[in-house]
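Spelled out, the chains give:
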6 protein chains.
Amino acid sequence: MATSTRKRPRSSGLTHADAQGRVRMVDVSDKAVTSRMAVATGFVRVSAAARRLVRAGAVKKGDPLQAARLAGIMAAKGTATLIPLCHPLSLTGVLVDVELARGGIAITATVKTSGQTGVEMEALTAVAVAGLTVYDMLKAVDKSMVIEQIVLVEKRGGRSGDVVRRS
Amino acid sequence: MATSTRKRPRSSGLTHADAQGRVRMVDVSDKAVTSRMAVATGFVRVSAAARRLVRAGAVKKGDPLQAARLAGIMAAKGTATLIPLCHPLSLTGVLVDVELARGGIAITATVKTSGQTGVEMEALTAVAVAGLTVYDMLKAVDKSMVIEQIVLVEKRGGRSGDVVRRS
Amino acid sequence: MATSTRKRPRSSGLTHADAQGRVRMVDVSDKAVTSRMAVATGFVRVSAAARRLVRAGAVKKGDPLQAARLAGIMAAKGTATLIPLCHPLSLTGVLVDVELARGGIAITATVKTSGQTGVEMEALTAVAVAGLTVYDMLKAVDKSMVIEQIVLVEKRGGRSGDVVRRS
Amino acid sequence: MATSTRKRPRSSGLTHADAQGRVRMVDVSDKAVTSRMAVATGFVRVSAAARRLVRAGAVKKGDPLQAARLAGIMAAKGTATLIPLCHPLSLTGVLVDVELARGGIAITATVKTSGQTGVEMEALTAVAVAGLTVYDMLKAVDKSMVIEQIVLVEKRGGRSGDVVRRS
Amino acid sequence: MATSTRKRPRSSGLTHADAQGRVRMVDVSDKAVTSRMAVATGFVRVSAAARRLVRAGAVKKGDPLQAARLAGIMAAKGTATLIPLCHPLSLTGVLVDVELARGGIAITATVKTSGQTGVEMEALTAVAVAGLTVYDMLKAVDKSMVIEQIVLVEKRGGRSGDVVRRS
Amino acid sequence: MATSTRKRPRSSGLTHADAQGRVRMVDVSDKAVTSRMAVATGFVRVSAAARRLVRAGAVKKGDPLQAARLAGIMAAKGTATLIPLCHPLSLTGVLVDVELARGGIAITATVKTSGQTGVEMEALTAVAVAGLTVYDMLKAVDKSMVIEQIVLVEKRGGRSGDVVRRS
C-alpha cells in the first residue's frame, strides 16, 4: 500500500510549494498511448531584397529554405533537450515546410507520434528553429527581420481532444 | 559558369553553385577577435487567466518565468548545435529576462562574447527557447498563446558596427 | 573461469577478451515492458553562511534550489547520453526536490517510466547534476562544499522486484 | 512557376516539390512495432607499427580498442541527433566489437530495438564513430590510416524482410 | 541590501527580483584569460564481492574503470551543457583516474584550460559522471553502493588564487 | 617497458596501468595557438539507379546532397562530443562538398580553426557523417551501398607541419 514518498505529496493542494514555483515534469504514467499529431506555423518577416536573393538562390551561406527545413526537423527531435519540462518522445514523422510567401518566409511544421503526451512543443520548436535558421542565413542582407506569429494551428489525439485554430 | 566545383575552389564566383543553394559555414578565420554583445527581445501573448496563475505562483508545472530564464540561458550556449551554420562560440555572459507584462510575457536576452563572429543568433535563440518554455508551462491553461516579435534590438562590436533598433 | 555471456554468439567463448573488460550495452530485448520507478537521494554539505544567502534569495547567480531542480530534471532526460552503457528510455515523470536542510541542501529525485529497464541511473544522475548545480551556484561563497551520499533509496517494477533502502 | 505548396499535401504526386529536394522525416506512424536488429562492419587500415603499439598497450592516449567500443555504443544512441532524417529510437541492445586484424582494426556493430523503423543507421553510425575514434587515438603514430568498407551485413525484422550480405 | 549588479540596467535596483532568485550566467567579459586547472576527487563505496569482480575483469557490462574514465572525460567536455550557469570553455587537458581502492573505487579528475573562468565544475562533473558510470556497471552485483565525498582538492589560476584542500 | 608519460605525476610509475591502456585527453596547454586547417575526403559507392534518382531530385526523403552537406557541417561542430578524447575547439570555417561522381557520391570536408590542436578529426567526422546521411537517404533504393576511403588529404598549421596526401 501507498508508496509513501513523503515530502512530495503530488501537486494537489500544495499551494505553498506551488507558490514557490517548484518545477516538475508532469507525471503521465497513467495516460494512454495514443496516436497524436500537431501542426504549428510561424513567419519570418523579410525584406523584398532578401526575398529576391532567396528566390535567385544567391544567398552566400546557401539555400535558407532547405537548411531551415532540416534544422526544424532536427530541432523537433531535440525538443526534450531544449524545453526543460517536456517529456522525451519518439517521433514517427516530421515535416517542415519553409516557403517564400508575401512579405517573408512562411513555416509550417507537422509532427506525429504515438505516445502518452502530445507533440505541440515539438511542432512549435521545429517552427521556431526553422525561423531562427532563416534569420541566420539572411542576416547579412537584412538586419531588421522579425520572427513572428508562432502558433499551434492543429492538435489531434489525446484526452483534450482535437484543437484547430482558425487563421 | 558551370557547376564544376571540383575540389573546393572556395565560394568566389561560384554563382551557379550558389544558385543550387549549397550551404557553408562562412569562413571567419581572418576576422578580428573583438568584444561583442547582442540583445534580442520577444513576446508571448498570454491570456489574462494564465497571467493571473503565473502571478499567483499557481502553475502546475512550476514557475514559468524561472524555468524560461534558465532554458533561455542554456539554449544560448547550445545555439551552434541548433542552428546549422552558426559558428561555435564561447560566451562570456548571458542574461535572460522573462517578466509578466501587459498582455503577456516579455523576454529580453543579452549575450556577450569575445570572438570572431557576433552573438545575434545566441540572443535570438535564447529568446525563442525562453518563449517556447513559457508556452510549454502554460499550455494546459491557455491554448491560444502566440510567440511573437522576436527581434534583434542591439548589437555591438565587430566590423558591421553598432546596430540599435528603435521599438 | 568463463563469464558465460550467453545470447551473443559473437563474444561467446572469448573468455580472455571478457577478462579484458569489453563493454556492451546489455541486451534487454526479451525483458517485459513494465511500469518502473526509482528514487535516489543525495546531499550537498554547505556552510551556514552560504545557507543564509540561499534562504535570503541573495545568491548572485540566482536561486540555486530552482536552478538545481531544473538541471536535475534535464539531466534525468539526458542520462543515456552521459552514462555510456545506459539504455535510452522515454521517461513519464520526473520530480527533483532540492531543499535547504540541516547542514546543507538535500536532494531527492523520483523518476518513472514504462520500459524494459529500470530508471535507477536516471534518478541518480538527476541527484548528481542537481548537486553539481547547487555547487556551481554557491562556489563563490563557499569553497569547501562536499557532494555526498548519493544513493538509491527505492526501486519498483521489473524482474528484480522492489528495493527499498532504510535511511 | 509558383511553388504553391499550401498546407502540406503529403509527398504524393509532389513531383516538383521533390525535384527541389525538400527533406522530410518519413512518416512511419502506420508501421508495426516489431523486433529489429542490424549488423554493420567496417575497417580501419593501420600500419604495422601502430598495430604493434596497440597490441603492446603502449598508445599514449590509451587503449584505442576499448575507447572505440564505448564511443561506438554511445554514437549508436545518438544516431538520430547526428543523421538529420533518422527517427529517434529506443535501443534494447548494442554491441560493438573492435579488434586487431590483419592489416588494421576490424569493427562490427550489432544493434537491436523494438520499434517502427530499422536500426541500420544506428549500426552503421556505431561503426563509423568507432572507426573515427581508432583514428583519433592512433593518428600521432600513423598519418595515413584509411577508414573503409563501412557496410550493412545483416538486417532482421520489419517489412522489407531479412537482408544478409555475403562477405 | 542591494546586490549591486551594475552594468545590466535591466536588473539594476531590482532587489526584490533578486530576492526571487533570477538566474544569470555571470559576466566574465572583463576577466583575464589565464591558465587554469582544477582537481576534484570522489569515491564510490562498493562491496568486497563487487570489487573482486572488477579486479578479475569479470563484470558483465565490461571494465567499469575504463568506461568510467572515458565517461568522466566526455562529461568534463559537456559540463556547460549540464550545469545551467556554467560558462562554455575549451579544455586543453583532462585526466580521469578511476582505481580500485580500499572499500571502493577512488576517482580523481584533473582538468586544464586557458580561459576566463575556472574549471572546478568540469573537474567535479567528471568525477560525478565517472562515479555514476561505475555505479551503472556494478549495480547488477551490488545494490547498495554510495557515491560520496565529491570535493574540489586543488584549483590554480584566476583571480581567487590557488586553493588546496587537505585530505 | 615503461611508456614514460611524464608530466602527469599522478599516473607516474603506473607502468602496468599504462600498459592497460588508460585513456587521457592529451594535455595541449603548452602548445601554441596557431591557424590550422584540414581537408578529408570519402566516398559512398551507390548504384546507378540510385544515382539517377539523386540527379532527378526524386529521392523520397529529399535531396541527399544538401542534407549531407548540412549534416557534415553540424557533425564537424559536434566532433568533441562524439570522439571521446578529442579536444573541444571553436571552428572558424567548415565547408562540406557532397557531389555525384562516377560510381557514387564524393565527399570533401574542409575545416579551419585557430587553436592549440589540429582539426583532422573534425574534417574526418564531417565526411563520415555526410556519408552516413547519404546512406540514410538512399537506403530505400539501394541496399548495398558502401561508405569507403575516408582519409585525411591535407593538414596545415601546428607543430607537425603540413601533410598532404597524394591521391
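Within an unreviewed UniProt entry, the label attached to chain A reads Cyclic pyranopterin monophosphate synthase, and the organism entered is Luteitalea pratensis. Word for word, the UniProt comment on chain A under Function (unreviewed entry) is "Catalyzes the conversion of (8S)-3',8-cyclo-7,8-dihydroguanosine 5'-triphosphate to cyclic pyranopterin monophosphate (cPMP)."

(A) Quick look at the relation of the copies chain C and chain E. Once chain C has been moved 0.0 Å along the axis and rotated by 180 degrees, it coincides with chain E to within an RMSD of 0.0 Å. This pairing of chains is accounted for by a two-fold axis. Residues of chain C ranked by C-alpha distance from the rotation axis are headed by E148 of chain C, positioned 2.1 Å from it. Counting the interface residues of chain C, we find that 98% of their copies in chain E are interface residues as well, pointing to one common contact surface.

(B) Looking closely at the interface of chain C and chain E. Taken together, the 48 residues of chain C in the interface contact 47 residues of chain E. For the pair chain C and chain E, the two sides together bury roughly 3900 Å², of which 68% comes from carbon and sulfur. Area buried by chain C at its contact with chain E is led by K60, K61 and L132 of chain C, which between them contribute 14% of it. Our count for the chain C to chain E interface comes out at 0 salt bridges. Counting residues per element, the ones that place at least two in the side of chain C that touches chain E are α1 (15-19), α3 (64-77), α5 (120-138) and β4 (146-156) of chain C. Top contributing element to the side of chain C that touches chain E by residue count: α5 of chain C, with 11 residues. For the side of chain C that touches chain E, the class distribution of residues is 26 nonpolar, 10 polar and 12 charged. The pairing of β4 of chain C with strand β4 (residues 146-156) of chain E spans 2 bridges and is classified as antiparallel. Note that in β4 of chain E the partner of I147 of chain C across the bridge is I150 of chain E.

(C) Region of interest: helix α2 (residues 48-56) of chain F. Residue and element names in this part refer to chain F. Taken together, the buried positions of α2 are A50, R51 and V54. Across the axial projection of α2, the buried residues extend over an arc of 100 degrees, all falling on one side. Residues of α2 that are exposed and angled more than 90 degrees away from the buried face: R52, R55 and A56. Where the residues of α2 are buried, they touch α3 (64-77), β2 (91-101), β3 (104-115) and α5 (120-138). Of the residues trailing α2, G57 is marked for its positive phi of about 65 degrees.

(D) Structural context of the side chain of K155 of chain F. All names here are of chain F. Looking at where K155 falls in the secondary structure, it is placed in strand β4 (residues 146-156). Residue classification places K155 among the buried positions, given a relative accessible area of 10%. Of the polar contacts made by the side chain of K155, one reaches the side chain of E120; its length is 3.1 Å.

(E) Region of interest: the UniProt feature "active site" (unreviewed entry) in chain A. The positions UniProt marks with the feature "active site" (unreviewed entry) are D136 of chain A. Relative to the assigned elements, D136 of chain A resides in helix α5 (residues 120-138). Each residue touching D136 of chain A, except ones within four places of it in the same chain, is listed here: K61 of chain A together with I83, L85, C86 and M121 of chain B.

About the cut-offs
- Residues numbered from 1 in each chain as written.
- Chains lettered and ligands numbered in written order.
- Predicted model: local features only at pLDDT ≥ 70, side-chain atom pairs only at ≥ 80, totals over all residues.
- Heavy atoms only, no water.
- UniProt positions renumbered as here; feature names shortened; annotations may be inferred.
- Least-squares fit on C-alpha atoms with pLDDT ≥ 70 in both.
- Contact = heavy atoms within 4.5 Å.
- Buried area = accessible area lost by both parts, 1.4 Å probe.
- Salt bridge = Lys/Arg side-chain N within 4 Å of Asp/Glu carboxyl O.
- Helix = DSSP H or I, 4+ residues; strand = E, 2+ residues; numbered from the N terminus.
- Nonpolar A, V, L, I, M, F, W, Y, C, P; charged D, E, K, R; others polar.
- Pairing = 2+ DSSP bridges.
- Buried < 20%, exposed > 50% of the residue type's maximum accessible area, 1.4 Å probe, protein only.
- Arc of directions from axis to C-beta.
- Polar contact = N/O pair within 3.5 Å; in protein donor to acceptor, adjacent residues only side chain to side chain.

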